[in-house]
Each structure stands twice: as structure tokens, then as C-alpha cells.
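Chain by chain, the residues run as shown.
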Amino acid sequence: MVDLEAANQRLGELLDRIDHPRPVKEGQRLYCGLDLGTAFIVLVVLDEDGNPVDCKFRFASVVKDGMVVDYVGACDIARELKEQIEGELGVELEECAVAIPPETGSLDGGAVRNVAESTGMECIAVFDEPTAANLLIGTKDGAVVDIGGGTTGISVFKGGKVVECIDESTGGTHFSLVLAGAKGMTFDDAERYKRCPEHHAEILPIVAPTIDKVTTIIQRACSGYDVPEVILVGGTAELTGIEDRVRKRLGIEVHKPSHPMFVTPMGIALGCRLTAGGLQDG
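This report concerns the structure included in the present document.

1. Here's the deal with the packing of helix α8 (residues 208-222) against helix α9 (residues 242-250)
One way to put it is that α8 packs onto α9 with a least axis distance of 10 Å and a crossing angle of 55°. By the angle between their axes, α8 is oblique relative to α9. Both α8 and α9 take part in a crossing whose hand is right-handed. Across the interface between the two elements, A208, I211, D212, T215, I218 and Q219 from α8 touch I242, R245, V246, R249 and L250 from α9.

What follows is the structure, encoded as C-alpha cells:
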């Protein structure tokens, strides 16, 4: 079973860098991960040793079901995040990687790359989201499930290699639609409501059927493979108790790290470092 202690420690360091960036020297090589999500755009910066340097994020509605639907808006936010970090660090960010939902490379990989390069950074790699997440998680045998705002992406690993990688259109947006209908809220109000941890105990039974749909997607992806555990990441996995319901339905171990929303963006940045340095994972 994967040990999440190291990942949780690095995630804690990353969140601390949001308000307390790590000082860097001019000329120090930095590696960036840009995550264009349905609900948030996140930019993570790591140093040469893979340590978190800075992190900034912004709520956005420029992506829908894993596809960029507001290209100009995405470029503007990505550029603003980059400029904010550069202002804090006093250096220019030059290299980045990005990620896309599995099976969407031919449809949207170029758009996501172009958003990154519109900021002035060189995009040196494009990953699928759950595989990028696993660069931080480090499972050798299991399934990494990225439950984002619009889609659920799943990578199944055997011996450290990806043997299955799929994406389906169910995610946090669907949770919000169900919540809005149940409570007579607008969609935007439901989005805000579900982000408050104090509401999670109330929300969980309301969105349970949608969680079960996500679980069915996971079951299909894992069918035919002996999957000993599932690790949930992504913004929608922030919902308290979601892992318990998925575990009960799947009948296997299900875990999630302490800050699942930031796993994929940090994994993307780790992928940038690995690609740029020709390093081996781990």
C-alpha cells in the first residue's frame, strides 16, 4: 500500500508557500506546473531539488468538462499568476509543464500548451492528470483517480507502469448541480457552499448518488486488473467522507492525501523537473 506521509508533508510545505514563498537566487533553475482546472487554475513552482518554492491559484470558469472554453480568459489568469509569483521571487519563470484529462490530447492538448506558452514560459511536457498526480503519490500498484470539476480521470498502475488511463464526464460540477437543485440555490451559490468544510456532513448524503456514479467509473477502469487500492485526488476529493463512501462501494482500500486539490498541480511541476533534468522518478 502506498504511504501518503511523505506526500502529505510535501503538500503541507506547498500550502505554506502560498503566503510564504521560499527565497531563490537569480539564475537558480525553477520548474513550474500549470493546472488548468474547471474550478481553479493553479501554478506551482519547485526548486532544483523538487522543494516547493511558491504556489498561487485563482477561481476560474475557463474550462468545462476538461476543455478550454475561454482561451483568452485562461491566458489572462495564467499570465497574472506567473507575474504575481515573479514579483514575489524577483526572478523570471521559464519552464513549465501542463496536464490534460486522459484521452483528450488530440482535442485539447494544444490549447492547454498554448495557454502556458502565452505567459512566456516554455512548455516542455504535457501529462495526463492522474499520471501527473502519481509523480507525487508514488503508487506502483493501484489506481489514481483525479476527480476534478468537470471530469474524473483514472490511471491504473501495475509495477509502476500505466496499464489503463481513462476520463469520463462526471465531477464537481455535477455535485454542484445536484446540491443546487436540492437546496434551491443558484449554481454559483452551490459551488461556494460546497467548499466550506462545515457543510460537508450535510452535503455528503445529498450528492451520494453522484459519488456512486464516480465509483462506477472507477470500477469500469479497474475491471480486469487486480487493483489493491485507490487514491483519490482533485478538488472534488476535498469533500469530507467521499473516500469512505467510495471504499464501501468498491470493497477495496481507498485513500486520499491531506490536500487533494493540490496533488495534480504539484505532480505536474515534478514532471517538469523530471523532464527538464532527465531524472528518474523517486
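2. Brief notes about the nonpolar core
Counting residues in hydrophobic clusters, the biggest one holds 35 residues, and the most contacted among them are I137 and F262. Counting only elements with at least two residues in this core, the list comes to α1 (5-19), β2 (40-46), β6 (95-100), β7 (122-128), α4 (129-137), β11 (229-233) and α10 (263-277). For this core, the element with the most residues is α10, which contributes seven residues. Sequence-distant contacts of F262, defined by excluding residues within four places in its chain, comprise L11, L14, L15, I18, V42, C55 and F57. If you look at the next biggest cluster of nonpolar residues, it comprises 30 residues, including L43, V68, A78 and V115.

3. Overview of the pairing of strand β8 (residues 142-147)
Burial analysis of β8 places six of its six residues in the buried class, which makes it a mostly covered element. Neither face of β8 is left uncovered, since the one carrying G142, V144 and D146 and the one carrying A143, V145 and I147 both have all their residues buried. Across six bridges, β8 lies against strand β9 (residues 152-158) in antiparallel orientation. The residue of β9 that forms the bridge with D146 is G153. If you look at the hairpin formed by β8 and β9, you'll find four residues sitting between the two strands.

Rules used throughout
Residues numbered from 1 in each chain as written. Predicted model: local features only at pLDDT ≥ 70, side-chain atom pairs only at ≥ 80, totals over all residues. Heavy atoms only, no water. Axes fitted to C-alpha atoms, helices over the stretch in contact; angles between N-to-C directions. Helix = DSSP H or I, 4+ residues; strand = E, 2+ residues; numbered from the N terminus. Parallel < 35°, antiparallel > 145°, perpendicular 65-115°, else oblique. Left-handed = near helix turned anticlockwise from the far one by under 90°. Contact = heavy atoms within 4.5 Å. Core = buried A, V, L, I, M, F, W, Y, C linked by side-chain atoms within 4.5 Å. Buried < 20%, exposed > 50% of the residue type's maximum accessible area, 1.4 Å probe, protein only. Pairing = 2+ DSSP bridges.

Read these as layout, nothing more, since geometry by itself doesn't imply function.
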